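Per-entry structural report
Here is how the chains run, residue by residue.
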Amino acid sequence: MDHAKCENYNFRQHKFIRFVEVYILINWTNTYKFWMSKEKTAPVKQKNKYKNIIPIAIILIAIIGIPLLLLNYQAKRSGLTKGDAIRRIIRKTESGNNNIEGLDQNISGVKIDFLDPKPIGQKFDEPPLISHIQAIDLDDDKLLDIILCDCRGNFVSWIRQYPAGTYTESILARDLIAPAHVQVVDFDKDGDKDLVIGVLGMLFPNNDKIGSVVILEDDGRFNFRKHIIVEKIARVSDVRAGDLDNDGDLDLAVAQFGYDDGETRWIENLGNWKFQNHPLQYLSGPVNVEITDIDFDNDLDIISLVSQEWEEIYCFINDGKGQFKPNLLWGSSNQDYGSSSISLCDLDMDGDKDILYTNGDAFDYIPPQGRPWHGVQWLENTGNLNFEFHRICNFTGTTNVRAADLDNDKDIDLLAVSAFNLWDRTESNSFIWLENTGNMNFIKHEISKNPTHLLTCEPGDFNNDGLIDVITGGMHTYPPYDRMGRITLWINNGKLIEK
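Quantities reported herein were computed from a predicted structural model and do not represent experimental measurements.

1. Structural notes on the nonpolar core
Counting residues in each nonpolar core, the largest one holds 18 residues, and the members touching the most others are Ile303, Ile313, Leu329, Ile342, Ile355, Tyr357 and Leu379. Elements supplying a minimum of two residues to this core: strand 15 (301–306), strand 16 (312–318), strand 17 (324–331), strand 18 (339–345), strand 19 (354–359) and strand 21 (386–394). Element by element, the count of residues in this core is highest for strand 16, at three residues. Filtering out sequence-adjacent residues up to four positions away, leucine 379 remains in contact with Ile313, Trp330, Asp354, Ile355, Tyr357, Phe387, Glu388 and Phe389. Counting 17 residues, the second largest nonpolar core, distinct from the first, contains Trp158, Leu176, Val182 and Phe224.

Structure representation (structure tokens):
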């Protein structure tokens with residue numbers, strides 16, 4: 001989740017960059033004035049010549065040295081070589097506004113009420129703060145359940161479906177301050193499902209080392225033992241499990257949003273619940289990490305989304321032994337682009353993983369408000385770590401996108417939600433779907449305007465009827481509070497198939 005950006009930080013960053021630009025401009029101006037004055041004055045004594053050389057040398061050192069220092073600084077934090085860092089700057093400069101101008105008019109289709117909403121789980125008195133949900137059959141009874149992160153109550157809970165159509169919520173672990181992401185996986189490979197959790201430590205921006213990674217180990221009877229894998233680190237926004245060093249056990253990839261001091265790392269599983277940390281990158285603002293074999297070389301790589309002033313997507317290529325090389329896949333020239341999430345799927349069905357990408361974070365602004373450049377896009381995997389940017393639609397404040405064949409026509413459609421739309425406007429949607437009409441063209445359809453402030457969504461067939469249903473989670477961090485929802489189950493009634 002991308003809830004750790006604020007106006008003050010970007011103001012300081014822009015102010016610093018502006019200071020450097022002005023400093024260099026002044027030095028260039030002074031140098032020019034100095035040489036012009038030399039041409040207009042008569043030769044001076046030899047001893048004065050050396051006095052004039054000294055300030056020139058200082059100016060030249062400043063003009064050359066400051067950019068080199070900035071280049072070294074960015075290369076060190078990003079993990080790129082100096083050459084790659086230069087190409088990164090050039091690429092982002094040439095990207096302009098990433099070809100999103102003129103997309104204010106999207107192709108929109110008619111609204112079809114094919115999803116019937118139903119609130120499930122706990123009732124609430126205060127505005128809900130749901131940061132993440134996962135649809136999973138935790139108890140292996142062939143009925144989908146929901147695992148969720150609740151930042152209001154600071155817990156992770158299980159909404160169990162049993163019997164079919166009946167949903168009961170129970171808390172699995174408390175005292176997890178602002179849990180950001182949960183992944184259900186058999187981490188210890190004992191035949192049951194454990195929970196891997198990224199914990200922010202505080203929902204809103206903070207520089208303190210308050211983040212942690214926690215694993216809830218299932219004893220086989222749905223009693224969960226808490227293991228703190230690492231703590232007192234920059235705020236953790238995401239964590240995923242995968243065998244990153246090919247030794248047969250599961251390791252962890254971790255995104256630490258922090259505030260203005262974040263990090264991306266992987267954590268090596270040494271066995272017996274002992275772990276070793278390996279830093280990958282020191283950029284602030286990592287939102288998501290995904291684990292996949294992106295280059296088909298039989299080892300797992302890491303894809304990361306970095307927001308804040310960077311607004312970039314990286315791939316860390318694995319050499320098969322847990323040594324990673326960073327590669328910049330895409331970056332926006334707009335430092336307020338508002339990157340909010342990535343997920344992987346083969347959208348064009350050509351056999352490789354593409355990247356679904358939303359930009360709609362609005363915590364740069366007080367109060368939070370979406371911007372006209374927010375929307376949904378995908379990065380087409382064209383091979384050899386090359387990805388082509390495709391804008392799909394504008395959607396103000398969009399925070400999450402998921403793939404599913406909603407209309408059963410054998411191609412992949414998309415679901416998207418917004419947490420930061422302009423809620424004082426009656427036409428603002430919180431939930432849409434994007435119909436794939438073929439040749440990677442999409443039509444935007446409204447699903448709902450209520451509830452508002454939807455941060456996360458997840459598709460799944462909850463009633464086993466062959467149709468895709470959806471669950472959504474509400475993150476109501478700011479007004480209005482008139483259309484709130486915590487966990488909403490949207491049951492597919494089949495009307496979309498009938499059309």
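2. Considering the pattern of salt bridges
Counting across every chain of the model gives 15 salt bridges. Residue aspartate 238 pairs with arginine 240 through a salt bridge whose shortest N-O separation is 2.9 Å. Of the two residues examined, aspartate 238 and arginine 240, each falls in the buried class. The residue arginine 483 makes a salt bridge to aspartate 482 at a minimum N-O spacing of 3.8 Å. Judged by relative accessible area, aspartate 482 falls into the exposed class, the value being 55%. Several salt bridges converge on common partners, so that one network encompasses Lys111, Asp113, Glu446 and Lys449.

3. Notes on the packing of aromatic side chains
Within the structure shown, the criterion is met by 13 aromatic pairs. For the ring pair tryptophan 330 and tyrosine 357, a centre distance of 5.4 Å and an interplane angle of 70 degrees mean the geometry is edge-to-face. Of this pair, tryptophan 330 sits in strand 17 while tyrosine 357 sits in strand 19; the two residues are 27 residues apart in sequence, bridging distant segments of the chain. Here tryptophan 330 falls in the buried class, since its relative accessible area comes to 7%. Under the relative-accessibility criterion, tyrosine 357 is labelled buried at 0%.

4. Quick notes on the sheet that holds strand 20 (residues 375–383)
Spatial ordering of the open sheet is given by 18-19-20-21, a layout of four strands whose pairing is antiparallel. Unpaired on one side and paired on the other, strand 18 and strand 21 mark the two borders of the sheet. Sheet twist, expressed as the mean angle between neighbouring strand axes with direction ignored, is 20 degrees. Looking at chain direction, strand 19 and strand 20 are connected through five bridges and run antiparallel. The partner of leucine 356 across the bridge, within strand 20, is tryptophan 378.

Basis of the calculations
Residues numbered from 1 in each chain as written. Predicted model: local features only at pLDDT ≥ 70, side-chain atom pairs only at ≥ 80, totals over all residues. Heavy atoms only, no water. Core = buried A, V, L, I, M, F, W, Y, C linked by side-chain atoms within 4.5 Å. Buried < 20%, exposed > 50% of the residue type's maximum accessible area, 1.4 Å probe, protein only. Helix = DSSP H or I, 4+ residues; strand = E, 2+ residues; numbered from the N terminus. Contact = heavy atoms within 4.5 Å. Salt bridge = Lys/Arg side-chain N within 4 Å of Asp/Glu carboxyl O. Phe/Tyr/Trp six-rings, centres within 6.5 Å; stacked < 30°, edge-to-face > 60°. Pairing = 2+ DSSP bridges. Axes fitted to C-alpha atoms, helices over the stretch in contact; angles between N-to-C directions.

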